[in-house]
Every structure is written in structure tokens, then in C-alpha cells.
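# Structural overview
So the chains spell out like this:
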Amino acid sequence: MKAISIIKKNKLLIFVALAYLVVFVISPDKAMKSVGNSVYYLVEMLQVLPVIFLLTVVIEALVPKEMIIRGFGEKSGFKGNLLALLLGSISAGPIYAAFPISKTLLGKGASISNIVIILSSWAVIKVPMLANEAKFLGINFMIIRWVLTVIAIFVMAYITGMIVKKKDLPVDSKKTETLEIKEDYCIGCGLCAKLLPEYYEMNQNKAVVRKVPEGKDALQAVKESIEKCPSKAIILNKEEKTP
Ligand code: SF4
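Residues numbered from 1 in each chain as written. Predicted model: local features only at pLDDT ≥ 70, side-chain atom pairs only at ≥ 80, totals over all residues.

## So, the environment of Y20
Within the secondary structure, Y20 sits in helix α2 (residues 11–26). Y20 sits in the partly exposed class, given 14 other C-beta atoms within 10 Å. In sequence terms Y20 and I68 are 48 residues apart; their C-alpha atoms lie 42 Å from each other. (Helix = DSSP H or I, 4+ residues; strand = E, 2+ residues; numbered from the N terminus. Buried ≥ 20, exposed ≤ 12 C-beta atoms within 10 Å, placed from the backbone.)

Listed below in C-alpha cells is the structure:
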């Protein structure tokens, strides 16, 4: 039983090993070339991935969730799309380096559409790539391809965002609290911001969320502020979190 579960968990690895075995039997020369290529990419990955994992840890630990939600979340709109395009375009490193970063951004509240834009622009319209393209194929070719590629990326992002939901992704999920203020209900009395300035602030006479409460004490304090809000404008939701 244990052997079967190990095989199930590593089926892709086993398939690749078997493919190598078959190629070794049929054509040892090609198999050796293939091993050489694999070693080359393995060494490249070992050089790149530690930096990428360090970057994901920095994003996870130092970048506030609210900042990611504002910049790349569901409600970030076209501005968020442009920011995602910029992030993907100025990135460096191979495309596989983008996946751990994308997973971290998703876990912090980035939308699926914006992740598609980051991944796609990282893969096909990085700035150094464009510079080389203009040098070898001409500036006109580069500009036309860039414009058409950006249009295709945006279309792809919107379609993927409509079809794929976060709960469909193969990552562990757990419930987490999110704080919301119904703008239409808020009468701008400022009580919440006075009680808990860490979690609320006033903006143009309306309360806005500064920080999502984490931990038992913070949640309790926020629940009390919800009860005190005279217009019942503050709502604590539970939603799926993809870490
Ligand atoms: S306490 Fe309620 S009504 Fe008053 S500012 Fe905060 S959210 Fe708005």
C-alpha cells in the first residue's frame, strides 16, 4: 500500500525516469545529450531558486496583505492590470521562477487575472527580451508584436479569471477573516478609527480598513468595534485563503 501511494505521489517523476530509460535503450547518444541538458537546467535552477524563495519570504513577511489586495486584488481594476503588466515586464529570471512568486501573491490576495498577466508578460514581453528583439528584428516588428501580445494577454487574463476560481487551485486552503466597510452605510462618525486606529482610518469622511485583524485578541477587539458602529457598516467575513 505504501509503495502504491509513493508511486501515486511521484508519478510524473517515474514517468520521466521511464522515458529516459526507453531513450537510453533506443538511442544512447540522444539520451546522453538529454541528460546533459537536464543537468544544465538543474544547475540553473539551483542558482535561481534560492533567490526566488528568499523573495517570496520577503513578500510573505514584509509586504502587507492590504497592499497586495489594493495593487493586484479583484477590485484593483485596470490599474491593477497595468501594475501586473509592469511587474511581469521588468522581472528578471526564467519563467519557472515566477510560479512561487505568483503563488505567494495569490495567497496575499492578488486576483487570478493579474497573476495571468504577470506570468504571461514575464514569459513573453520582458524588457531585455524586447531590446534584443528590436536589435535583431527591427523596432517596428517589436512594437507590433508587443501591442498584439499585450491585447492577447489581457483577453487571456479576463477569460481565465472568469473560468478559474481560487478554490480550484491545487493549494491548501483555510478560512480567514476579512474586514469590510459598507461605504453606503458609513455615516462618517469616526468612532471605529478612534477606537482602533490600527485597523480603521477615515478617508473623505468615510471609514476604510487599514489592516486585516489577525489573532484572537485583534479579532475580539474588531468584533467589539463592529457592535459599536452606529450604522452597522462594518462586516467581518470569512473567506477561503490560499497560502
Ligand atoms: S463607526 Fe461605523 S459609521 Fe462610524 S465611521 Fe466607523 S464604520 Fe462609519
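## Focus on the pairing of strand β3 (residues 206–209)
Taken together, the four bridges between strand β2 (residues 200–203) and β3 define a ladder with antiparallel strand orientation. Looking across to β3, one finds that M202 is bridged to A207. (Pairing = 2+ DSSP bridges.)

## So, the site of the ligand
With respect to spatial proximity, 14 residues lie near the ligand, and among them C186, C189, C192, A207 and C229 are the closest. Partitioning the shell around the ligand into residue classes produces 11 nonpolar, three polar and no charged. (Near = placed C-beta within 6 Å. Nonpolar A, V, L, I, M, F, W, Y, C, P; charged D, E, K, R; others polar.)

## Things to note about the nonpolar core
Of all hydrophobic cores here, the largest spans 20 residues; its most connected members are L105, I115, I117 and I118. Residue assignment for this core shows that the elements contributing at least two residues are α4 (65–72), α5 (77–89), α6 (98–107), α7 (112–124) and α9 (139–163). A total of seven residues in this core trace back to one element, the largest contributor, which is α7. With near-sequence residues (within four places) excluded, I118 lies in contact with A84, L87, G88, A98 and S102. (Core = buried A, V, L, I, M, F, W, Y, C linked by C-beta atoms within 7 Å. Contact = placed C-beta atoms within 7 Å.)

## Examining α4
Note on helix geometry: an α-helix contains 3.6 residues per turn, so any two residues three or four positions apart are oriented the same way. Those residues of α4 that sit buried are I68, I69 and F72. Buried residues of α4 fall within an arc of 100° about the axis and therefore sit on the same side. On the buried face of α4, the contacting elements are α5, α6 and α7. (Arc of directions from axis to C-beta.)

## Examining α6
Extensive coverage of α6 is indicated by the burial of seven of its 10 residues. One or two residues past the end of α6 sits G109, with phi positive at roughly 115°.

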